[in-house]
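Residues per chain are reported as follows:
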Amino acid sequence: IKDEFLLKLKENLDSNQVNQIKTDLFGKNGVISSKFKQLGKVAEQERKKFASDLNSVKDELQNLITSKINDIETKEINQKLEKEKIDITLPERPFVQGKIHPVSQVIDEISSIFSEIGFSVKEGPDIENEYNNFTALNTPDNHPARDMHDTFYLDEKKELLLRTHTSPVQIRTMLNDKPPFKIIAPGRTYRSDSDQTHTPMFHQVEGLHIDKDINMGHLKGCLNYFIKEFFEVDKIKMRFRPSHFPFTEPSAEVDIGYEIKDGKIVIGEGDKWLEILGCGMVHPNVLKNVKVNPDKFQGYAFGIGIDRLAMLKYGINDLRAFFDCDYRWLNHFGFDP
Ligand code: PHE
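Calculation criteria
Residues numbered from 1 in each chain as written. Predicted model: local features only at pLDDT ≥ 70, side-chain atom pairs only at ≥ 80, totals over all residues. Heavy atoms only, no water. Salt bridge = Lys/Arg side-chain N within 4 Å of Asp/Glu carboxyl O. Helix = DSSP H or I, 4+ residues; strand = E, 2+ residues; numbered from the N terminus. Buried < 20%, exposed > 50% of the residue type's maximum accessible area, 1.4 Å probe, protein only. Contact = heavy atoms within 4.5 Å. Near = heavy atom within 4 Å. Polar contact = N/O pair within 3.5 Å; in protein donor to acceptor, adjacent residues only side chain to side chain. Patch = residues over 30% accessible without salt bridge, like charges linked within 9 Å, V, L, I, M, F, W, Y side chains within 5 Å. Areas by Shrake-Rupley, 256 points an atom, 1.4 Å probe, with all protein chains shown as cover. UniProt positions renumbered as here; feature names shortened; annotations may be inferred. Core = buried A, V, L, I, M, F, W, Y, C linked by side-chain atoms within 4.5 Å. Axes fitted to C-alpha atoms, helices over the stretch in contact; angles between N-to-C directions. Parallel < 35°, antiparallel > 145°, perpendicular 65-115°, else oblique. Nonpolar A, V, L, I, M, F, W, Y, C, P; charged D, E, K, R; others polar.

Under an unreviewed UniProt entry, the protein has the name Phenylalanine--tRNA ligase alpha subunit and belongs to Pelagibacter ubique.

Draft legend 1. Focus on the pattern of salt bridges. Considering all chains together, one arrives at 13 salt bridges under this definition. A salt bridge links Lys99 to Asp336; the nearest nitrogen and oxygen atoms lie 3.1 Å apart. With Lys99 in the loop between helix H4 (44-83) and helix H5 (102-116) and Asp336 in the segment after helix H12 (327-333), this residue pair connects regions lying 237 residues apart in the sequence. By relative accessible area, which is 27% here, Lys99 ends up partly exposed. Residue Asp336 is classed as exposed on the basis of its relative accessible area of 54%.

Draft legend 2. Expanded view of the environment of Lys228. By the secondary structure assignment, Lys228 is in helix H9 (residues 216-231). Exposure remark for Lys228: the relative accessible area of 29% places this residue in the partly exposed category. Separated by 69 residues in sequence, Lys228 and Phe297 place their C-alpha atoms 28 Å apart. Setting aside anything within four residues of it in sequence, one finds Lys228 in contact with Val233, Asp234, Lys235 and Ile236.

Draft legend 3. Representation of the site of the ligand. The immediate surroundings of the ligand are formed by 14 residues, with His165, Ser167, Arg191, Gln204 and Gly303 found nearest. Take His165: an N or O atom from its side chain is 2.9 Å from a nitrogen atom of the ligand. Between an oxygen atom of the ligand and a side-chain N or O atom of Gln204, the distance comes to 2.9 Å. Elements with a minimum of two residues in the shell around the ligand: strand S5 (201-211), strand S9 (272-282) and strand S10 (298-305). Ranked by the residues each element gives to the shell around the ligand, the list is headed by S10, at three residues.

Draft legend 4. Seen up close, a nonpolar patch on the surface. A contiguous nonpolar surface patch, about 260 Å² in accessible area, is contributed by Ile127, Leu154 and Leu160. Within the element layout of this structure, Ile127 appears in strand S2 (residues 127-129).

Draft legend 5. Main features of the UniProt feature "binding site: Mg(2+)" (unreviewed entry) in the protein. The feature "binding site: Mg(2+)" (unreviewed entry), as given by UniProt, occupies Glu249 in the numbering adopted here. When you line up the elements, Glu249 lands in strand S7 (residues 248-261). Ignoring anything within four residues of it in the chain, the contact list for Glu249 reads Met281 and His283.

Draft legend 6. A look at the nonpolar core. Ile110, Phe114, Phe226, Phe231, Phe302 and Leu312 are the most contacted members of the largest nonpolar core, which totals 43 residues. With seven residues, the top contributor of residues to this core is H9. Those residues in contact with Phe226 that sit more than four places away from it in its chain are Ile110, Ile113, Phe114, Ile304 and Leu309. Within the second largest apolar cluster, 17 residues are counted, among which are Leu137, Ile210, Val286 and Val290.

Draft legend 7. Quick look at the packing of helix H1 (residues 2-10) against H4. Two numbers describe how H1 lies on H4: the axes approach to 11 Å, and their chain directions differ by 5 degrees. Between H1 and H4, the angle is such that the two are roughly parallel. Contacts between H1 and H4 involve Lys2, Phe5, Leu6, Leu9 and Lys10 on the former and, on the latter, Val57, Glu60, Leu61, Leu64, Ile65 and Lys68. Its residues placed into classes, the contact of H1 with H4 shows seven nonpolar, no polar and four charged.

Draft legend 8. Expanded view of the side chain of Asp255. Relative to the assigned elements, Asp255 resides in strand S7. Within polar-contact distance, the side chain of Asp255 engages the side chain of Arg239 at 2.8 Å. A distance of 2.8 Å separates polar atoms of two side chains, one belonging to Asp255 and the other to Arg241.

Next up, the structure:
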(Lines give C-alpha, C1' and ligand atoms only; values in the text may rest on other atoms or scores of the structure.)
Protein backbone atom coordinates (compact mmCIF):
# COMPACT_ATOMS: atom_id res chain seq x y z
CA ILE A 1 0.00 0.00 0.00
CA LYS A 2 2.67 2.37 1.12
CA ASP A 3 4.63 2.28 -2.13
CA GLU A 4 1.53 2.60 -4.23
CA PHE A 5 0.43 5.78 -2.45
CA LEU A 6 3.92 7.20 -2.19
CA LEU A 7 4.09 6.96 -5.95
CA LYS A 8 0.70 8.60 -6.36
CA LEU A 9 1.67 11.47 -4.11
CA LYS A 10 4.76 12.21 -6.13
CA GLU A 11 2.68 13.24 -9.09
CA ASN A 12 1.83 16.85 -9.81
CA LEU A 13 -1.49 17.13 -8.02
CA ASP A 14 -3.98 19.86 -7.28
CA SER A 15 -5.69 20.25 -3.92
CA ASN A 16 -8.81 18.32 -5.01
CA GLN A 17 -6.73 15.32 -6.03
CA VAL A 18 -4.77 15.31 -2.77
CA ASN A 19 -7.99 15.48 -0.79
CA GLN A 20 -9.32 12.53 -2.77
CA ILE A 21 -6.21 10.48 -1.85
CA LYS A 22 -6.67 11.48 1.77
CA THR A 23 -10.22 10.13 1.71
CA ASP A 24 -9.07 6.95 -0.08
CA LEU A 25 -6.62 6.31 2.74
CA PHE A 26 -8.21 7.59 5.93
CA GLY A 27 -11.90 7.95 5.07
CA LYS A 28 -14.47 5.73 6.77
CA ASN A 29 -13.89 2.97 4.21
CA GLY A 30 -10.35 4.10 3.41
CA VAL A 31 -7.50 1.62 2.88
CA ILE A 32 -5.79 2.35 6.18
CA SER A 33 -9.04 2.45 8.16
CA SER A 34 -10.08 -0.95 6.85
CA LYS A 35 -6.66 -2.42 7.70
CA PHE A 36 -7.16 -1.34 11.30
CA LYS A 37 -10.51 -3.08 11.27
CA GLN A 38 -8.73 -6.34 10.28
CA LEU A 39 -6.52 -6.14 13.38
CA GLY A 40 -8.73 -8.60 15.30
CA LYS A 41 -8.28 -11.28 12.66
CA VAL A 42 -4.47 -11.22 12.78
CA ALA A 43 -2.82 -14.01 14.79
CA GLU A 44 -2.03 -12.94 18.33
CA GLN A 45 1.76 -13.11 18.14
CA GLU A 46 1.83 -10.98 14.97
CA ARG A 47 -0.76 -8.48 16.06
CA LYS A 48 1.65 -6.15 17.86
CA LYS A 49 4.03 -5.83 14.94
CA PHE A 50 1.16 -5.50 12.46
CA ALA A 51 -0.28 -2.64 14.49
CA SER A 52 2.97 -0.79 14.89
CA ASP A 53 3.83 -1.20 11.18
CA LEU A 54 0.40 0.03 10.23
CA ASN A 55 0.76 3.03 12.52
CA SER A 56 4.10 4.04 11.07
CA VAL A 57 2.76 3.74 7.50
CA LYS A 58 -0.23 5.80 8.55
CA ASP A 59 1.99 8.52 10.10
CA GLU A 60 4.30 8.63 7.12
CA LEU A 61 1.48 8.98 4.60
CA GLN A 62 -0.33 11.52 6.77
CA ASN A 63 2.75 13.74 7.04
CA LEU A 64 3.33 13.50 3.36
CA ILE A 65 -0.25 14.57 2.61
CA THR A 66 -0.09 17.52 5.02
CA SER A 67 3.10 18.83 3.48
CA LYS A 68 1.69 18.27 -0.01
CA ILE A 69 -1.38 20.35 0.88
CA ASN A 70 0.85 23.10 2.31
CA ASP A 71 2.90 23.15 -0.89
CA ILE A 72 -0.17 23.43 -3.04
CA GLU A 73 -1.65 26.26 -0.96
CA THR A 74 1.58 28.24 -1.08
CA LYS A 75 1.75 27.74 -4.81
CA GLU A 76 -1.82 28.92 -5.26
CA ILE A 77 -1.28 32.05 -3.16
CA ASN A 78 1.85 32.92 -5.13
CA GLN A 79 0.05 32.48 -8.41
CA LYS A 80 -2.77 34.73 -7.17
CA LEU A 81 -0.32 37.43 -6.05
CA GLU A 82 1.41 37.28 -9.39
CA LYS A 83 -1.87 37.67 -11.26
CA GLU A 84 -3.22 40.53 -9.13
CA LYS A 85 -0.06 42.57 -9.12
CA ILE A 86 -0.66 46.31 -9.70
CA ASP A 87 1.41 47.85 -12.43
CA ILE A 88 2.33 51.20 -10.91
CA THR A 89 3.96 52.35 -14.11
CA LEU A 90 0.56 52.57 -15.91
CA PRO A 91 -0.63 56.15 -16.47
CA GLU A 92 -3.78 57.06 -14.45
CA ARG A 93 -7.17 57.15 -16.13
CA PRO A 94 -8.37 60.74 -16.62
CA PHE A 95 -10.94 61.74 -13.94
CA VAL A 96 -13.75 63.79 -15.47
CA GLN A 97 -15.97 65.59 -12.98
CA GLY A 98 -19.35 66.95 -14.06
CA LYS A 99 -20.44 70.52 -13.40
CA ILE A 100 -23.63 71.95 -11.98
CA HIS A 101 -25.61 73.88 -14.59
CA PRO A 102 -25.96 77.62 -13.77
CA VAL A 103 -29.76 77.24 -13.80
CA SER A 104 -29.67 74.46 -11.19
CA GLN A 105 -27.21 76.49 -9.14
CA VAL A 106 -29.45 79.59 -9.26
CA ILE A 107 -32.56 77.54 -8.32
CA ASP A 108 -30.69 76.34 -5.23
CA GLU A 109 -29.60 79.88 -4.35
CA ILE A 110 -33.14 81.25 -4.78
CA SER A 111 -34.68 78.45 -2.73
CA SER A 112 -32.28 78.98 0.14
CA ILE A 113 -32.81 82.77 0.24
CA PHE A 114 -36.61 82.44 0.34
CA SER A 115 -36.46 79.55 2.82
CA GLU A 116 -34.66 81.83 5.24
CA ILE A 117 -37.63 84.23 5.27
CA GLY A 118 -40.25 81.55 5.78
CA PHE A 119 -41.22 80.38 2.30
CA SER A 120 -41.55 76.66 1.66
CA VAL A 121 -40.72 75.12 -1.70
CA LYS A 122 -43.48 73.53 -3.86
CA GLU A 123 -43.52 71.83 -7.24
CA GLY A 124 -46.08 71.37 -9.98
CA PRO A 125 -46.15 69.37 -13.24
CA ASP A 126 -44.89 70.72 -16.59
CA ILE A 127 -48.03 69.40 -18.29
CA GLU A 128 -51.00 71.37 -17.01
CA ASN A 129 -54.67 71.65 -17.81
CA GLU A 130 -55.99 74.90 -19.21
CA TYR A 131 -58.07 75.48 -16.07
CA ASN A 132 -55.05 75.71 -13.73
CA ASN A 133 -52.90 77.56 -16.26
CA PHE A 134 -55.54 80.11 -17.34
CA THR A 135 -59.16 79.91 -16.20
CA ALA A 136 -58.58 79.68 -12.46
CA LEU A 137 -56.07 82.51 -12.84
CA ASN A 138 -58.86 84.82 -13.97
CA THR A 139 -57.90 84.39 -17.62
CA PRO A 140 -61.12 83.13 -19.27
CA ASP A 141 -61.47 81.83 -22.82
CA ASN A 142 -60.90 84.50 -25.44
CA HIS A 143 -58.94 86.65 -23.01
CA PRO A 144 -56.18 88.38 -25.03
CA ALA A 145 -53.57 87.23 -22.46
CA ARG A 146 -54.02 83.67 -23.71
CA ASP A 147 -52.68 84.63 -27.12
CA MET A 148 -49.80 86.56 -25.61
CA HIS A 149 -48.52 83.40 -24.00
CA ASP A 150 -47.81 81.56 -27.29
CA THR A 151 -49.01 78.35 -25.70
CA PHE A 152 -47.91 74.86 -26.75
CA TYR A 153 -51.16 72.87 -26.67
CA LEU A 154 -50.98 69.09 -26.40
CA ASP A 155 -54.42 68.16 -27.72
CA GLU A 156 -56.93 69.46 -30.22
CA LYS A 157 -59.49 70.45 -27.61
CA LYS A 158 -56.81 72.63 -25.99
CA GLU A 159 -57.40 71.07 -22.58
CA LEU A 160 -53.80 70.01 -21.96
CA LEU A 161 -50.78 72.25 -22.46
CA LEU A 162 -47.19 72.83 -21.42
CA ARG A 163 -47.55 75.35 -18.62
CA THR A 164 -46.75 78.87 -19.85
CA HIS A 165 -45.80 80.05 -16.35
CA THR A 166 -45.41 78.67 -12.82
CA SER A 167 -48.60 80.48 -11.68
CA PRO A 168 -50.74 77.27 -11.88
CA VAL A 169 -48.79 76.09 -8.81
CA GLN A 170 -50.55 78.93 -6.93
CA ILE A 171 -53.86 77.29 -7.83
CA ARG A 172 -52.69 73.76 -6.95
CA THR A 173 -51.32 74.95 -3.60
CA MET A 174 -54.44 76.88 -2.61
CA LEU A 175 -56.81 74.10 -3.70
CA ASN A 176 -54.90 71.52 -1.65
CA ASP A 177 -54.32 73.47 1.56
CA LYS A 178 -55.79 76.02 3.88
CA PRO A 179 -54.52 79.62 4.19
CA PRO A 180 -52.16 81.18 5.15
CA PHE A 181 -49.82 80.35 2.23
CA LYS A 182 -46.17 81.27 1.92
CA ILE A 183 -44.56 79.28 -0.87
CA ILE A 184 -42.22 79.48 -3.81
CA ALA A 185 -42.37 77.10 -6.78
CA PRO A 186 -39.40 76.88 -9.16
CA GLY A 187 -39.64 74.93 -12.41
CA ARG A 188 -39.74 74.71 -16.19
CA THR A 189 -42.13 76.77 -18.30
CA TYR A 190 -42.80 76.85 -22.06
CA ARG A 191 -43.72 79.38 -24.71
CA SER A 192 -43.30 79.31 -28.47
CA ASP A 193 -40.72 82.08 -28.59
CA SER A 194 -36.99 82.30 -29.40
CA ASP A 195 -34.35 85.06 -29.53
CA GLN A 196 -31.36 86.24 -27.51
CA THR A 197 -33.42 86.59 -24.32
CA HIS A 198 -36.20 84.06 -25.03
CA THR A 199 -36.10 80.26 -25.37
CA PRO A 200 -39.13 77.98 -25.90
CA MET A 201 -38.35 76.27 -22.59
CA PHE A 202 -37.29 78.50 -19.73
CA HIS A 203 -37.48 78.62 -15.93
CA GLN A 204 -39.52 80.61 -13.47
CA VAL A 205 -39.95 80.70 -9.74
CA GLU A 206 -43.42 81.51 -8.51
CA GLY A 207 -43.97 83.19 -5.15
CA LEU A 208 -47.21 83.34 -3.22
CA HIS A 209 -47.85 84.91 0.17
CA ILE A 210 -51.44 84.99 1.40
CA ASP A 211 -52.36 85.94 4.95
CA LYS A 212 -54.65 88.27 6.87
CA ASP A 213 -53.00 91.67 6.34
CA ILE A 214 -50.54 91.38 3.49
CA ASN A 215 -50.14 94.49 1.32
CA MET A 216 -48.08 95.87 -1.57
CA GLY A 217 -45.43 97.11 0.89
CA HIS A 218 -44.71 93.52 1.92
CA LEU A 219 -44.32 92.61 -1.75
CA LYS A 220 -41.80 95.38 -2.39
CA GLY A 221 -39.89 94.64 0.80
CA CYS A 222 -39.71 90.94 0.02
CA LEU A 223 -38.50 91.41 -3.57
CA ASN A 224 -36.00 94.07 -2.58
CA TYR A 225 -34.58 91.80 0.10
CA PHE A 226 -34.42 88.89 -2.30
CA ILE A 227 -32.68 90.82 -5.11
CA LYS A 228 -30.02 92.19 -2.78
CA GLU A 229 -29.36 88.79 -1.22
CA PHE A 230 -29.23 87.15 -4.61
CA PHE A 231 -26.78 89.61 -6.13
CA GLU A 232 -24.90 89.97 -2.84
CA VAL A 233 -25.03 93.79 -2.94
CA ASP A 234 -26.26 96.50 -0.52
CA LYS A 235 -27.79 98.60 -3.27
CA ILE A 236 -29.29 97.71 -6.60
CA LYS A 237 -30.90 99.61 -9.47
CA MET A 238 -34.42 98.25 -9.55
CA ARG A 239 -37.69 99.69 -10.81
CA PHE A 240 -41.36 98.73 -10.47
CA ARG A 241 -43.28 99.43 -13.69
CA PRO A 242 -47.09 99.39 -13.67
CA SER A 243 -48.27 96.44 -15.73
CA HIS A 244 -51.19 94.12 -16.21
CA PHE A 245 -51.78 90.48 -15.36
CA PRO A 246 -55.31 89.04 -15.19
CA PHE A 247 -54.51 87.32 -11.88
CA THR A 248 -53.13 90.32 -9.99
CA GLU A 249 -54.47 93.80 -9.26
CA PRO A 250 -52.56 96.05 -9.11
CA SER A 251 -49.76 94.49 -11.17
CA ALA A 252 -46.18 95.47 -11.79
CA GLU A 253 -43.09 94.35 -13.63
CA VAL A 254 -39.65 94.72 -12.11
CA ASP A 255 -36.55 95.66 -14.10
CA ILE A 256 -32.92 95.60 -13.02
CA GLY A 257 -30.35 98.14 -14.23
CA TYR A 258 -27.23 96.88 -16.00
CA GLU A 259 -24.56 97.75 -18.54
CA ILE A 260 -22.38 95.76 -20.91
CA LYS A 261 -18.63 95.98 -20.28
CA ASP A 262 -16.21 94.08 -22.54
CA GLY A 263 -19.10 92.09 -23.95
CA LYS A 264 -20.20 91.04 -20.46
CA ILE A 265 -23.27 91.97 -18.46
CA VAL A 266 -22.52 93.99 -15.30
CA ILE A 267 -25.41 94.74 -12.94
CA GLY A 268 -25.99 97.74 -10.68
CA GLU A 269 -24.82 100.59 -12.92
CA GLY A 270 -25.58 101.60 -16.48
CA ASP A 271 -28.68 102.75 -18.30
CA LYS A 272 -30.00 99.45 -19.64
CA TRP A 273 -32.93 97.66 -18.03
CA LEU A 274 -33.70 93.95 -18.04
CA GLU A 275 -37.14 92.75 -16.99
CA ILE A 276 -36.79 89.94 -14.49
CA LEU A 277 -40.19 89.44 -12.92
CA GLY A 278 -43.91 90.10 -12.87
CA CYS A 279 -45.86 90.57 -9.66
CA GLY A 280 -48.90 92.05 -7.97
CA MET A 281 -51.65 91.63 -5.38
CA VAL A 282 -53.56 88.40 -5.98
CA HIS A 283 -56.89 89.19 -7.70
CA PRO A 284 -59.99 88.49 -5.54
CA ASN A 285 -61.42 86.37 -8.39
CA VAL A 286 -58.46 84.01 -8.10
CA LEU A 287 -59.02 83.61 -4.37
CA LYS A 288 -62.72 82.91 -4.98
CA ASN A 289 -61.83 80.26 -7.58
CA VAL A 290 -59.83 78.33 -4.98
CA LYS A 291 -62.39 78.85 -2.17
CA VAL A 292 -60.35 81.34 -0.19
CA ASN A 293 -62.44 84.20 1.22
CA PRO A 294 -61.02 87.48 -0.21
CA ASP A 295 -62.63 89.44 2.64
CA LYS A 296 -60.49 87.54 5.13
CA PHE A 297 -57.31 86.80 3.20
CA GLN A 298 -55.20 88.69 0.71
CA GLY A 299 -51.63 88.75 -0.48
CA TYR A 300 -49.14 89.03 -3.26
CA ALA A 301 -47.68 86.80 -5.95
CA PHE A 302 -44.66 87.07 -8.20
CA GLY A 303 -43.07 85.16 -11.06
CA ILE A 304 -39.33 85.55 -11.54
CA GLY A 305 -37.44 84.59 -14.68
CA ILE A 306 -34.69 82.33 -13.36
CA ASP A 307 -32.58 82.14 -16.53
CA ARG A 308 -32.39 85.91 -16.74
CA LEU A 309 -31.22 86.13 -13.14
CA ALA A 310 -28.52 83.58 -13.94
CA MET A 311 -27.46 85.63 -16.99
CA LEU A 312 -27.16 88.79 -14.92
CA LYS A 313 -25.38 87.25 -11.96
CA TYR A 314 -22.89 85.20 -13.92
CA GLY A 315 -22.38 87.52 -16.93
CA ILE A 316 -23.78 85.24 -19.61
CA ASN A 317 -25.20 87.24 -22.51
CA ASP A 318 -26.97 84.71 -24.70
CA LEU A 319 -29.80 82.79 -23.07
CA ARG A 320 -29.86 80.20 -25.85
CA ALA A 321 -26.41 78.91 -24.81
CA PHE A 322 -27.99 77.65 -21.55
CA PHE A 323 -29.79 74.91 -23.42
CA ASP A 324 -27.34 74.05 -26.21
CA CYS A 325 -25.83 71.24 -24.10
CA ASP A 326 -22.33 72.27 -25.16
CA TYR A 327 -19.96 70.50 -22.79
CA ARG A 328 -17.28 73.19 -23.18
CA TRP A 329 -19.78 75.91 -22.26
CA LEU A 330 -20.90 73.97 -19.19
CA ASN A 331 -17.30 73.39 -18.19
CA HIS A 332 -16.72 77.12 -18.28
CA PHE A 333 -19.94 78.44 -16.70
CA GLY A 334 -20.87 75.44 -14.54
CA PHE A 335 -20.20 75.06 -10.82
CA ASP A 336 -18.19 72.48 -8.95
CA PRO A 337 -20.39 70.07 -7.03
N1 PHE B 1 -47.08 84.48 -14.43
C2 PHE B 1 -46.60 85.77 -14.86
C3 PHE B 1 -45.78 85.61 -16.14
O4 PHE B 1 -45.33 84.54 -16.41
C5 PHE B 1 -45.76 86.43 -13.81
C6 PHE B 1 -46.52 86.74 -12.58
C7 PHE B 1 -46.62 85.84 -11.53
C8 PHE B 1 -47.17 87.95 -12.44
C9 PHE B 1 -47.32 86.13 -10.39
C10 PHE B 1 -47.87 88.27 -11.33
C11 PHE B 1 -47.95 87.35 -10.30
O12 PHE B 1 -45.58 86.53 -16.88
